[in-house]
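# Observations on the model geometry
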Amino acid sequence: MKTLFFLILLSPLLVFSQHRLSVNVYNVPSSEGKVSAALYDSESSFLKFEQVAASSSASAQEGMTRLEFENLPEGEYALALFHDKNGNDALDTNWLGIPKEKVAFSKGKMRAFGPPKYEDCVFRVTSNEKINIYF
């Protein structure tokens, strides 16, 4: 009986458990600026700056830079990253809108005419997770 009561008390904590996502970003071309990432939790919000579920950035380290996301609920997510080489907090593009700074996505690759779709980048967080992404 005590065990059942204890499980009932803990059930809300289990449902709303929070997780950590560690992201190792490889092939960072230089230690200039920072690596910034936006985490999205739905197809409708993907790549919309005003609808980011969480964001993270770290000083760029040539070769590999690590980013951390804390307190994530279990669910599906997609990541978009860029090497903000000049540190202006914006993805610099040319006059056609093509990025001048390195970009990467979780699981997805840039397509010939634009970024990948959410469904190509989505991954699931069910516990503390570690993923690798390559520029």
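Residues numbered from 1 in each chain as written. Predicted model: local features only at pLDDT ≥ 70, side-chain atom pairs only at ≥ 80, totals over all residues. Heavy atoms only, no water.

### Let's talk about the overall build of the protein chain
Along the protein chain, the regular secondary structure elements total two helices and eight strands. Across the 135 residues that make up the protein chain, the buried fraction comes to 36%. Relative to all contacts within the protein chain whose residues are 6 or more apart in sequence, the contacts with residues 24 or more apart total 68%. (Helix = DSSP H or I, 4+ residues; strand = E, 2+ residues; numbered from the N terminus. Buried < 20%, exposed > 50% of the residue type's maximum accessible area, 1.4 Å probe, protein only. Contact = heavy atoms within 4.5 Å.)

### Some words on the sheet that holds strand 8 (residues 129–134)
Pairing within the open sheet is mixed, and its three strands lie in the order 4-1-8. For this open sheet the edge positions go to strand 4 (63–73) and strand 8, each flanked by a neighbour on one side alone. Taken pair by pair, the neighbouring strands of this sheet meet at an average axis angle of 20 degrees, ignoring direction. Pairing geometry for strand 1 (residues 18–28) and strand 8, over six bridges, is parallel. Within strand 8, the residue paired with Leu-21 across the bridge is Glu-129. (Pairing = 2+ DSSP bridges. Axes fitted to C-alpha atoms, helices over the stretch in contact; angles between N-to-C directions.)

### Examining the packing of aromatic side chains
Following the criterion strictly, the structure yields four aromatic pairs and no others. Aromatic ring contacts, followed pair by pair, group Tyr-40, Phe-46, Phe-105 and Tyr-118 into a single cluster. (Phe/Tyr/Trp six-rings, centres within 6.5 Å; stacked < 30°, edge-to-face > 60°.)

### A short note on the side chain of Ser-106
Within the secondary structure layout, Ser-106 lies in the loop between strand 6 (103–105) and helix 2 (118–121). For Ser-106, a relative accessible area of 2% gives the class buried. Within the structure, Ser-106 has its side chain in polar contact with the backbone nitrogen of Leu-79 (distance 2.9 Å). Engagement of the side chain of Ser-106 in a polar contact is seen with the backbone oxygen of Cys-121, the distance being 2.7 Å. Discounting residues that sit within four places of it in the chain, Ser-106 has contacts with Ala-78, Leu-79, Asp-120, Cys-121, Phe-123 and Ile-133. (Polar contact = N/O pair within 3.5 Å; in protein donor to acceptor, adjacent residues only side chain to side chain.)

### Things to note about a nonpolar patch on the surface
On the surface, Trp-95, Leu-96 and Ile-98 cluster together to form a nonpolar patch covering roughly 420 Å² of accessible area. Its location among the elements puts Leu-96 in the loop between strand 5 (75–84) and strand 6. (Patch = residues over 30% accessible without salt bridge, like charges linked within 9 Å, V, L, I, M, F, W, Y side chains within 5 Å. Areas by Shrake-Rupley, 256 points an atom, 1.4 Å probe, with all protein chains shown as cover. Salt bridge = Lys/Arg side-chain N within 4 Å of Asp/Glu carboxyl O.)

### As for the nonpolar core
Note that soluble globular proteins tend to have their nonpolar side chains buried in a common cluster. Leu-21, Val-23, Leu-39, Phe-69, Leu-79 and Leu-81 are the most contacted members of the largest nonpolar core, which has 21 residues in total. Of all the secondary structure elements, the ones that give two or more residues to this core are strand 1, strand 2 (34–40), strand 4, strand 5, strand 7 (123–125) and strand 8. Take this core: its biggest share by element is four residues, from strand 1. When residues no more than four places from it in sequence are discounted, the contact partners of Leu-21 are Leu-39, Leu-67, Glu-68, Phe-69, Leu-72, Leu-79, Phe-123, Glu-129 and Ile-131. Residues Ala-78, Ala-80, Phe-105 and Val-122 belong to the second largest nonpolar core, which totals nine residues. (Core = buried A, V, L, I, M, F, W, Y, C linked by side-chain atoms within 4.5 Å.)

### A short note on unusual backbone geometry
Glycine aside, the phi torsion of most residues is negative, and most peptide linkages are trans. Residue Asn-27 is not a glycine yet carries a positive backbone phi of 65 degrees. Along the chain, Asn-27 turns up in strand 1. The residue Leu-47 is not glycine, and still its phi comes out positive at about 70 degrees. As for its placement among the helices and strands, Leu-47 is situated in the loop between strand 2 and strand 3 (54–59). We classify Leu-47 as partly exposed; its relative accessible area is 29%.

### Things to note about the confidence of the model for the protein chain
Per-residue pLDDT for the protein chain averages 89, and the proportion of residues at 70 or more is 88%. The least confident element of the protein chain is helix 1 (residues 2–15), whose mean pLDDT is 45; the most confident is strand 2, at 98. This stretch, residues 2–14, has a pLDDT under 50; its non-local contacts, to residues over four places away or in other chains, come to zero contacts. (pLDDT = per-residue confidence, 0-100.)

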